[in-house]
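Chain and residue survey
Chain by chain, the residues:
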Amino acid sequence: MRVPLSWLREYVDLPATETGRDVQAKLISAGLEVETVEQLGADLKGPLVVGQVLTIEELEGFKKPIRFCTVDVGRANGTGEPQEIVCGARNFSVGDKVVVVLPGATLPGGFSISARKTYGKTSHGMICSAEELGMGDDGTHGIIVLPPEHEVGTDAIELLQLVDEVLDIAVTPDRGYCLSLRGVAREAAIAYGRPLLDPALLDVPAPNAYGHPVKVSDPFGCDRFTARTVTGLDPEARSPIWLQRRLQKAGMRPISLAVDITNYVMLELGQPLHAYDRTRVQGAIGVRRAERGEQLTTLDGVTRTLSTEDLVITDERGPIGLAGVMGGANTEIDDTEGTTTEVVIEAAHFDPVAIARTARRHKLSSEASRRFERGVDPQAASAAAQRTVDLLVLLAGGTADAGVTEVVAPSAPRTITIPADHPDKVAGVSYGRETVVRRLQQIGCDVYGADELIVTVPSWRSDLTDPNDLAEEVIRLEGYENLPSTLPRPLPGHGLTDRQRLHRRVGRALAGAGYVEALNYPFLGQAAFDQLGLDADDPRRTVVTLVNPLSDEEPALRTTLLPGLLGALRRNDGRGGHDLALFETGLVFRPTGRKEIPARLPADRKPTPEQLAALDAALPHQPRRVAVVLAGAREQAGWWGKGRSSDWADAVEAARTVAREAGAELIVRADQHAPWHPGRCAALYVRVDGEEVLAGHAGELHPRVVKAMHLPERTCAMEIELDLLEQAGDGIVRAPRISSFPVATQDVALVVDKPVPAAEVEAALREGAGELLEAIRLFDVYENAEQLGDGRKSLAYALRFRAPDRTLTVDEASAARDAAVALAAERTGAALRG
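Residues numbered from 1 in each chain as written. Predicted model: local features only at pLDDT ≥ 70, side-chain atom pairs only at ≥ 80, totals over all residues. Heavy atoms only, no water.

Burial in helix H2 (residues 20–29) covers these residues: Gly 20, Val 23, Gln 24 and Leu 27. Looking straight down H2, one finds that the buried residues subtend no more than 105 degrees of arc, so they occupy a single side. Of the surrounding secondary structure, the elements contacted by the buried residues of H2 are helix H1 (5–8), strand E2 (33–40), strand E13 (164–170) and helix H4 (181–192). Downstream of H2 by one or two residues, Gly 31 has phi in the positive range, about 105 degrees. (Buried < 20%, exposed > 50% of the residue type's maximum accessible area, 1.4 Å probe, protein only. Helix = DSSP H or I, 4+ residues; strand = E, 2+ residues; numbered from the N terminus. Arc of directions from axis to C-beta. Contact = heavy atoms within 4.5 Å.)

Here the focus is the packing of helix H5 (residues 241–249) against helix H6 (residues 257–269). Remark: H5 packs on H6, axes separated minimally by 10 Å, with the N-to-C direction vectors making an angle of 55 degrees. When the axis of H5 is compared with that of H6, the two are oblique. Note that H5 runs across H6; the crossing there is left-handed. Contacts between H5 and H6 involve Trp 242, Leu 243, Arg 246 and Leu 247 from the former and Leu 257, Asp 260, Ile 261, Asn 263, Tyr 264 and Leu 267 from the latter. Classifying every residue of the contact of H5 with H6 gives seven nonpolar, one polar and two charged. (Axes fitted to C-alpha atoms, helices over the stretch in contact; angles between N-to-C directions. Parallel < 35°, antiparallel > 145°, perpendicular 65-115°, else oblique. Left-handed = near helix turned anticlockwise from the far one by under 90°. Nonpolar A, V, L, I, M, F, W, Y, C, P; charged D, E, K, R; others polar.)

Moving on to empty space enclosed by the protein. Where empty space is left can be seen by rolling a probe of water-molecule size over the atoms. Under the criterion given, the structure shown has three cavities of 30 Å³ or more. In this structure, the second largest cavity occupies an estimated 120 Å³ of space. Along its surface, the second largest cavity is lined by 13 residues, and Tyr 177, Ser 180, Leu 269, Gly 270 and Asp 377 are the ones closest to its centre. Residue composition of the lining of the second largest cavity, by class: five nonpolar, five polar and three charged. (1 Å grid on protein atoms, 1.4 Å probe; cavity = no way out; pocket = protein on both sides within 12 Å on 5 of 7 lines; lining within 4 Å. Points joined across faces, edges and corners; volume = space filled by probe spheres on them.)

Taking strand neighbours across the sheet as the criterion, the five strands line up as E14-E17-E20-E21-E22 in an open arrangement whose pairing is mixed. Each edge of the open sheet is held by one strand with a lone partner, namely strand E14 (214–216) and strand E22 (326–327). Two elements, E14 and strand E17 (residues 285–289), share three bridges in a ladder whose sense is parallel. When the sheet's bridge partners are listed, Val 214 is paired in E17 with Ile 285. (Pairing = 2+ DSSP bridges.)

Before going further, it helps to spend a moment on the environment of Ala 396. Here Ala 396 lies in helix H9 (residues 381–396). Considered as a pair, Ala 396 and Glu 236 are 160 residues apart in the sequence and their alpha carbons are 8.5 Å apart. In this view, Ala 396 contacts Gly 232, Leu 233, Asp 234, Ala 237, Leu 257 and Leu 391; residues no more than four positions away in its chain are not counted.

Approximately 780 Å³ is the volume attributed to the second largest pocket. Residue lining of the second largest pocket: 35 residues in total, with Val 259, Asn 263, His 274, Leu 299 and Gly 327 positioned closest to the centre. Sorting the residues of the lining of the second largest pocket by element identifies H6, strand E16 (274–277), strand E21 (318–322), E22, strand E23 (343–350) and helix H8 (367–374) as the ones contributing at least two each. The biggest single contributor to the lining of the second largest pocket is H6, with four residues. Considering only residue class, the lining of the second largest pocket consists of 18 nonpolar, eleven polar and six charged.

Below you can see the structure in the form of structure tokens.
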């Protein structure tokens, strides 16, 4: 909402010395988000005056049309002689009144004006356009042509209101009343302790039976509809300069007098209005829900197919407007032909939810819909209609019709009961009853009672619904900066759960291993599964679909972390970061097949365990997972030696890192599973209650997936279920055992068949070596058919033995090694090499 300071001063008697920055600070302290203060005309310097074109000479021989003009500027140039000016615009004629800037002046942007020779003539100044004066879009292109009643030599800076300050306020959804000068003025009046000159306090005639007929078929969707008629309008009347300038400063473009007046009143009072050409409206105006298949061509020229949930304005022919959003083209006021002499003014109040859904459904956000969906004062409709009628009579020479139509659904003021000390308890500050009552009255509430206050909420504050809302109003008006800084006091014995501790340990461990955490939105679409190459019957394609997704392209909740993480990797690679290692921990969502609708939980008391259990039963299964993706170099090259590219083994090692933090034993086996390469994919198993359970996969992605997702070559990934690791682990992080006795190292090289996994050989060696084995490491894999035989490979392991209470002898270490080799030979067919 753009608020010109000069306009705001009409409703609040602000101190003359207050600048826009001062008002900004006051409103920010009251809780409004005033983002900027625009200084209009800050570097503008005259003389800038009204001139009248006397002669125009067309100059020939140039690539574009050039005109040499003489302009009467009165005594503004000090001589009274006509001013000679060269101009390239062609939208003015002899006798027109224009805006002239004379030598010595400075235009916005620091553009200094001086006499200069151009196109063979000397130009003593400029004839100005709206853009050159920083006036914004006035709907025309070219020179400003003023109405003929303005005197030659008049100061155009004051006439066009070029110097002003404009507050740009980001209005939050709960402050819809501030989408108007009336609402902002109320906040400024409270902040400065000055009275408010409420522009809605007008004498409004009582409704009667002579107004334009109106029929409201949906009183819930439209609980108030006011219709007024003005006849005898001058079709040639145009918006005066002051009206156009206020609209421009507020960020709106002048269109025609009737439309400009409705926009002006909307900015002033916050009530959206619509003006219909009375001659184009056939019969009674109605409000109802649209019928299936109905169509309406809106003012933007688009023909829209309506939903049965859309509220529409109708006449005998059908829809003539999309209620609260945009009018229809078939009843548009004709500002091009200039034939509209009778208008019907609509000022209505519509259901905010219905308007918000309609605007979103048709992707048609308008100034009216923005206000209706945030809440409009229903009591302001009659005053807004009267204000519009008054301006049409004043500026267009119209006559107000005696008929006044008003359809109102019965309603009662909203009241809230609140203890007088409730704001004190919320803020931790002793305000006292007197302060609480005074602040609530300042925002428009009627307050009765002593210790228990009965508060009647004003009609323009639809956001005030419970005692905490009222407490917030008291606190913000008293000043957030006056609240004491206090730390919450946690109850003893409450800390992180085991699941939270594991989550944090895993994050620290992966970060320590060189991974960077990347958090992604949990939304995806079927296109992501196609890129991953998942089969049509893959369980990951069964998703939980959102009723109101942020994007129609991603309407579902994720069943895997990989699409978001790979998207982050692709973006970083595209921006020059080619050596990447990213991780994410988060929930995935798996449908349970049940379609239960949980009951709404109470807000005034703690839900029972049964209610919480019913709520959990209606939710999808949400296991916590961790995933990593890698691309580029895993180890950088430098003076210390060669680097190394990341590969499938790094993805598997990331899974081992996670498993170690959970205290779980990870079992790795070869597998084929999308989206991984069929020859470089590992299945990750853990033991839960004595049974092996598949927990995830790791390896290099399939080349088709890499191509489809535009990823770097040989991209690798790992995804594993953290909840299963927690179940498989012992739940206690044990410190490593440190022995003061020396270690005994034994190396063994075993020859096995190529299909035998190294992990099986390692498991057999570990079990056979017994308790003396401290660590085992595979340090070499060798294949040579001449030395080892066809289909055979050599696996070399380093075994570290240590006893906690003594120094091992050579015989003890050798015996442990031999036992390990013997068990490996028995289980895998391994033989000592050489």
